[in-house]
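Analysis of the macromolecular model
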Amino acid sequence: MRIGWTSRVGMISVCVGLATGRAGAAERAWPGSAPCDTTLQACIDGASSGDVIVIDTPTAITESPIIANKTLTLRAREGRVALFVNSELAVDHDAAGDVTVTLERLRFVAGNIRLQHRSASQSVFVVRGITILGRYRFDRGAIHATGSAGSGPLDVTCANNVLKESQSTTGW
């Protein structure tokens, strides 16, 4: 396993690559039309690799979704707060094929982000603009990345995140 911290030049190329996306990638609003008309997990499961899911709800999110083995961007709609309460957002890569998962502009009260890399292929995890107030699971960090022995390359970029340790789960 190789863990690399992206340099300024690498960050520019990562951001440009993410901004352009892949041909045919869809932007899906959650909540929205099927498969994004029920839970956030159903929206994630129904999205194609390369899609962007834009969270557009004023309601607090209390589920703990898992992004598994696909390239995906999950972000709040511009000007909107995507608030997770008492939950853990997990990203798990344990299958063949490279993946890039980007998490942007999300807020957590008593929450965690878990990034797990167990694939022989490359995982790229980008976590930026995240605010976490207090942890949901106290047995791991607020943003927790792990890679298994013998797994492929792992690149994690964390930028512009705010982590505040607190036992409080009320207020924002």
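A short tour of the structure in this document, coming up. (Residues numbered from 1 in each chain as written. Predicted model: local features only at pLDDT ≥ 70, side-chain atom pairs only at ≥ 80, totals over all residues. Heavy atoms only, no water.)

**As for the overall build of the protein**
In plain terms, the rule: A run of DSSP states H or I qualifies as a helix once it reaches four residues; a run of E qualifies as a strand once it reaches two. Both are numbered from the N-terminal end. The classification of residues rests on relative accessible area computed with a 1.4 Å probe and restricted to protein chains. Under 20% of the type maximum is buried, over 50% is exposed, and intermediate values are partly exposed. The contact definition used throughout considers only heavy atoms, calling two residues in contact when any of these lie within 4.5 Å. Each accessible area is a Shrake-Rupley result for a 1.4 Å probe, and residues are judged covered by the shown protein chains and nothing else.
Within the protein, the regular secondary structure consists of 2 helices and 13 strands. Every one of the 172 residues in the protein was classed for burial, and the buried ones make up 41%. For the protein, the share of sequence-separated contacts (at least 6 apart) that also reach a separation of at least 24 residues comes to 68%. Total accessible area on the protein stands at roughly 8,300 Å², and carbon and sulfur atoms take up 53% of it.

**A short note on the side chain of S121**
Under the convention used in this document: Any pair of nitrogen or oxygen atoms within 3.5 Å is treated as a polar contact; in protein, a donor-acceptor pairing is required on top of that, and neighbouring residues in sequence qualify only through side-chain atoms on both sides.
Inspection of the secondary structure puts S121 in the loop between strand 8 (106-117) and strand 9 (123-128). When its relative accessible area of 15% is taken as the criterion, S121 is described as buried. Only 2.8 Å separates the side chain of S121 from the backbone nitrogen of G97, close enough to count as a polar contact. Not counting residues within four places of it along the chain, the set of residues in contact with S121 comprises H93, A95, A96, G97, D98, G152 and P153.

**Focus: the state of the cysteines**
We count it as follows: The term disulfide is used for any two cysteine sulfur atoms that are within 2.5 Å.
Taken as a whole and assessed by the stated rule, the structure comprises 1 disulfide. Across the disulfide, C36 is cross-linked to C43 (sulfur-sulfur distance 2.0 Å). Because the torsion about its S-S bond is 65°, the bridge between C36 and C43 counts as right-handed. With relative accessibility at 1%, the residue C36 sits in the buried group.

**Examining the pattern of salt bridges**
As a reminder, the rule being used: The rule for a salt bridge is simple: a side-chain nitrogen of Lys or Arg has to be within 4 Å of a carboxyl oxygen of Asp or Glu.
One pass over the structure, following the stated rule, counts 10 salt bridges. A salt bridge links D51 to R28; its shortest N-O distance comes to 2.7 Å. In this pair, D51 sits in the loop between helix 2 (40-46) and strand 3 (52-55) while R28 sits in strand 2 (residues 27-30), placing the two residues 23 residues apart along the sequence. For the pair D51 and R28, a shared accessibility class is recorded, and that class is buried. Two residues, D56 and R77, come together in a salt bridge whose shortest N-O distance is 3.3 Å. With D56 in the loop between strand 3 and strand 4 (66-68) and R77 in the loop between strand 5 (72-76) and strand 6 (82-93), this residue pair connects regions lying 21 residues apart in the sequence. Within this structure, E27, D56, R77 and R80 form a network of salt bridges that share partners.

**Describing the nonpolar core**
Inclusion rule: Throughout, nonpolar core names a set of buried Ala, Val, Leu, Ile, Met, Phe, Trp, Tyr and Cys residues whose side chains join them through atoms within 4.5 Å.
One finds L40, I53, I55, L74, L103 and L106 to be the most contacted residues of the largest nonpolar core, which totals 30 residues. Counting only elements with at least two residues in this core, the list comes to helix 2, strand 3, strand 5, strand 6, strand 7 (99-104), strand 8, strand 9 and strand 12 (153-159). Those residues within four positions of L103 in sequence are excluded, and the remaining contacts are I67, L74, L89, V91, I113, L115, V126, V127, R128 and I130.

**Remarks on the packing of aromatic side chains**
What counts is decided by this rule: Under the pairing criterion, centres of Phe, Tyr and Trp rings, with the six-membered ring standing for Trp, must be within 6.5 Å; the plane angle then separates stacked pairs below 30 degrees from edge-to-face pairs above 60, leaving the rest tilted.
Counted by the stated rule, this structure contains 1 aromatic pair. Note on F84 and F108: the rings are 4.8 Å apart at their centroids and 15° apart in plane angle, and the pair reads as stacked. Taken together, the positions of F84 in strand 6 and F108 in strand 8 put the pair 24 residues apart, joining distant regions of the chain. Each member of the pair, F84 together with F108, is buried.

Function cannot be read off these values alone, since they describe shape.
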